Amino acid sequence: MKKNVLRGLIAGALTVGASVCPPSVYVYAAEAESGDLETYSLADVIVTASRSDTQIADVPADVTLISEAQIERGNYKSVSDALAGANINVVKKGFAAYPIINGDTRVLVMVDGKKVNWDHLMVSGDDNAVNVDQVPMENVERIEIVRGPNSSLYGERAVSGVINIITKRAKTGKPSGSLNMQLGAWGEKRAGVYVTGGDAKNSIKASAAHERSHDFRYRNADGDTRTFGNSDIKHTDYTIGYDRIIGNDRLSFDFSRHEMDDGFGVLLKNPKTGEPTYTGRQETLDTAYGITYMFGSEKDGEGTFLRYYRNESTADSPFGAPYNHKLRRNSFEGQKLWMLGDKNMLVGGFLWAKESIYENNDGSEMNASATTKAIFAEDDWQLGGGYALKLGTRYEHHSDFGGDVASHISLNKKFGRNTHVYFSWGQAVNNPTLKMRYADTPYMKGNPNLKQEKSQTYTLGAESQLSRKWNVSASIYKSKVKDALNWSWNVYTRYYNVDNEDRRGMELSARYRASNAWTVRAAYSYAHVESTDTNKNYLSTNTRPNGYNLGLSYTMNRWSADADMNYVTGRSIERFTDTSYLTLDLGVNYRVSDAFKVYLKGYNLTNEAYESIGIGFGAQRGAYAMPSRHFVLGATYNF
């Protein structure tokens, strides 16, 4: 522990001392000419990795960018579908979905740079999980995924990676937008609309979406098709945004509302019959609103800002007994970007946030709150010869745990414009949630003596655009988590700390553009976990020890199609019905006119019987069954 603190303070001292308009109706043709249809370019810019505009070739990390063009082509109905389409491991539980990065659920999820994780159990089965399907796809411009620890920039929770869902910016000009409709298996119906417009000084955007679906069907381990009881969903989303240009600055207001009225089956009591564990319904309301003032955003990018935002979540979700909660978070943060010469950029900022939770579980009440204060700085040095050095540190004070330092050091080497190699070391912190520490019900007892999870991760990687036809990337990582959090059940649930949890793995990918019409993609991921946890709960959450992905894309004239085959091996037979599974998804688009397209998507065409996550205490293998073969027919009109 002392060594970790010393490393953090040294890196901190070095840091301080070193002081979109709507998708074009011609998008397919334009992409086919540019060659960027199937993946991003190393010249593309992201903001998540450095909290400022940075080309991917300058980012010393494994990055995945899901672009607006990819979203438009993929016809995704949710953020989780978009992540899965980009070969990101996603756990789906009917009413909610959450990501796994580097074999780990300790992922920070943000919307436009604003944290949406909660200090509470948001998705049954994993306290690290946050439902990523809170934002309607009509309002999503792109999604940035950065693997590796990012606590030095974003604070606790950013242990294995960060996902930043970036919404569309309100546009000027006459009203424009899109309308989307989908019909699918099991009574699925979805409709969404997005509209934006304005003048040179004022612009507004708005979106709305509604989705309904009956209980889905699945195949069990015996090969029989059954209905997953109480798995129906009913979701409604609204968003509103307003921008005001003030000289070279921009003032933005945003509001979002996510309503859910879902069957709360969660997991199967009997996978052979489809009987769910719970028969109640879940009613959830998530709202968020905020105001941001961007300095010089119309001239110098968006590196300097002040922001206030508030998140709220209420739920009525009986686990066989009366249950409801209300969560609130108020946050105020700021950031400043300085250019200290042509080869040195410094980003610094602060955060103040207070999170409060109220819970009533079968008559047992809990009130708890925590305040977080933080300052951070990151120094980016261009050393010449293609080398760049990043030094970052963050001091964060939590009202329960006191102060912590998390830092990182990384070195990036560019070989021309199309190749870079990087090495990084970073620390991360993950606090026990308020629910873990203060719950006091017949079903869960808090542990006020829980310690923070603290980790350090080493990453080595490279990415190269070898030619117009070939793109390859590779990264390996190794991390060690001290005092890892886990839980056990004996009459009630109680959390405890595990001495050590070691993780190592790799990500490999390649893309070959065979012709203007055909592109082939291949990827492999490896995630291995070793832990001193005698309950071996990590066997359930390591859902993709070995993941193989093969993709094929076709584009010609008005037709386009994408096929993705995923093969997973190495899963624990103690927690899953099988050690491996194979799925195939296929989507076909036909553009009727420049403004109108229709599409058909088929999921799990192999009709595989598999689960999204392994079982915990008392459940039968196969309890978290995934949907069987099904289809969605949709249409999109751009105006």
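Attention now goes to the overall build of the protein. Counting secondary structure elements, the protein contains seven helices and 35 strands. Seen through its C-alpha atoms, the protein measures out along the principal axes to roughly 65 × 65 × 45 Å. Looking at the 639 residues of the protein, the share that counts as buried comes to 58%. Total accessible area on the protein stands at roughly 25800 Å², and carbon and sulfur atoms take up 57% of it. Once the 74 positive and 73 negative side-chain charges of the protein are each reduced to a mean point, those two points are 2 Å apart.

Another point: the sheet that holds strand β7 (residues 114-115). Backbone hydrogen bonds hold the strands of a sheet together, and the pairing may be parallel or antiparallel. Spatial strand order, β3-β8-β9-β6-β7: five strands in an open sheet with mixed pairing. Each edge of the open sheet is held by one strand with a lone partner, namely β3 (63-66) and β7. Looking at chain direction, strand β8 (residues 140-147) and strand β9 (residues 161-167) are connected through seven bridges and run antiparallel. Bridge pairing links I143 to I165 in β9.

Residues other than glycine seldom take positive phi values, yet N75 does so here, at roughly 55°. Mapped onto the elements, N75 comes out in the loop between α3 (68-74) and α4 (79-85). Classification of N75 as buried rests on a relative accessible area of 8%. Phi at W186 takes a positive value of approximately 60°, unusual for a residue other than glycine. The exposure class assigned to W186 is buried, which follows from its relative accessible area of 19%.

Take the pattern of salt bridges next. Side chains that carry opposite charge are capable of pairing whenever their charged atoms lie near each other. For the coordinates displayed, the defined rule picks out 40 salt bridges. The salt bridge involving R106 is made with E453; its shortest N-O contact spans 2.9 Å. Linking R106 in the loop between β5 (97-100) and β6 (107-111) with E453 in strand β27 (residues 453-464), this pair joins segments that are 347 residues apart in sequence. The residues R106 and E453 share a single accessibility class, namely buried. With its nearest N and O atoms 2.9 Å apart, the salt bridge here joins R394 to E396. Each member of the pair, R394 as well as E396, is classed as buried. The network of salt bridges with common partners includes D104, R106, E453, E501 and R503.

One broad rule of soluble globular proteins: the nonpolar side chains tend to lie buried together. Formed by 23 residues in total, the largest nonpolar core has its most connected members in V79, L83, V140, I143, I145 and I163. Of all the elements in the fold, those that place two or more residues in this core are α4, β6, β8 and β9. Among all residues touching I145, those that are not within four sequence positions of it are D62, V63, T64, I66, L83, I88, I101, V162 and I163. Core analysis: the next-biggest nonpolar cluster, separate from the first, contains 15 residues, Y98, I100, M260 and L267 among them.

Attention shifts here to the confidence of the model for the protein. Should the pLDDT be low somewhere, the predicted coordinates at that spot are not to be read in detail. Overall, the prediction assigns the protein a mean pLDDT of 90, with 93% of residues at 70 or greater. Counting contacts from residues 1-37, a segment whose pLDDT is below 50, to residues more than four positions away or on other chains yields 70 contacts.

With respect to the element layout, E144 can be found in strand β8. Residue classification places E144 among the buried residues on the basis of a relative accessible area of 0%. In this structure, the C-alpha to C-alpha distance between E144 and T239, residues 95 residues apart in sequence, is 20 Å. If near-sequence neighbours (up to four positions away) are discounted, E144 is found in contact with V45, I46, V47, T48, T64, L65, V162, I163, N164 and I166.

Relative to the elements of secondary structure, A370 occurs in strand β23 (residues 364-384). Considering only alpha carbons, one finds A370 and S356, 14 residues apart in sequence, at a separation of 6.6 Å. Those residues in contact with A370 that sit more than four places away from it in its chain are A353, K354, E355, H398, S399 and L434.

A word on the side chain of D232. Mapped onto the elements of the fold, D232 is located in the loop between β14 (225-227) and β15 (233-246). One polar contact links D232 to R281, side chain to side chain, over a distance of 3.0 Å. Filtering out sequence-adjacent residues up to four positions away, D232 remains in contact with S213, H214, D215, D262, G263 and R281.

Within the structure shown, the criterion is met by 14 aromatic pairs. Among the aromatic side chains, those forming a connected cluster through ring pairs are W186, F216, Y218 and F228. The positively charged end of K168 is found above the aromatic ring belonging to Y194, 4.5 Å away from the centroid. Over the face of the ring belonging to F415 we find K413, whose NZ or CZ atom lies 5.0 Å from the ring centre.

Taking every second residue as pointing to the same face, both faces of β3 are buried, with V63 and L65 on one and T64 and I66 on the other. Pairing of β3 with β8 involves four bridges; the strand directions are antiparallel. Considered in β8, the bridge of L65 is made with E144.

By the element assignment, T292 lies in strand β19 (residues 281-294). Overall, the relative accessible area of 7% leaves T292 in the buried class. Among the polar contacts made by the side chain of T292, one reaches the side chain of R307 at a distance of 3.2 Å. Not counting the four nearest positions on each side in its chain, T292 is found in contact with R250, L251, S252, F305, L306 and R307.

This part is about the pairing of β15. Relative to β15, strand β12 (residues 202-213) runs antiparallel, the two sharing 12 bridges. For H210, the partnering residue across the bridge sits in β15 and is T236.

This next bit is on the environment of T284. As for its placement among the helices and strands, T284 is situated in strand β19. The exposure class assigned to T284 is buried, which follows from its relative accessible area of 11%. C-alpha of T284 to C-alpha of W118: the two residues are 166 residues apart in sequence and 14 Å apart in space. In this view, T284 contacts H258, E259, M260, S313, T314 and A315; residues no more than four positions away in its chain are not counted.

Parameters and conventions
Residues numbered from 1 in each chain as written. Predicted model: local features only at pLDDT ≥ 70, side-chain atom pairs only at ≥ 80, totals over all residues. Heavy atoms only, no water. Helix = DSSP H or I, 4+ residues; strand = E, 2+ residues; numbered from the N terminus. Buried < 20%, exposed > 50% of the residue type's maximum accessible area, 1.4 Å probe, protein only. Areas by Shrake-Rupley, 256 points an atom, 1.4 Å probe, with all protein chains shown as cover. Lys, Arg positive; Asp, Glu negative; His and termini not counted. Charge placed at Lys NZ, Arg CZ, Asp CG, Glu CD. Pairing = 2+ DSSP bridges. Salt bridge = Lys/Arg side-chain N within 4 Å of Asp/Glu carboxyl O. Core = buried A, V, L, I, M, F, W, Y, C linked by side-chain atoms within 4.5 Å. Contact = heavy atoms within 4.5 Å. pLDDT = per-residue confidence, 0-100. Polar contact = N/O pair within 3.5 Å; in protein donor to acceptor, adjacent residues only side chain to side chain. Phe/Tyr/Trp six-rings, centres within 6.5 Å; stacked < 30°, edge-to-face > 60°. Lys NZ or Arg CZ within 6 Å of the ring centre and 35° of its normal.

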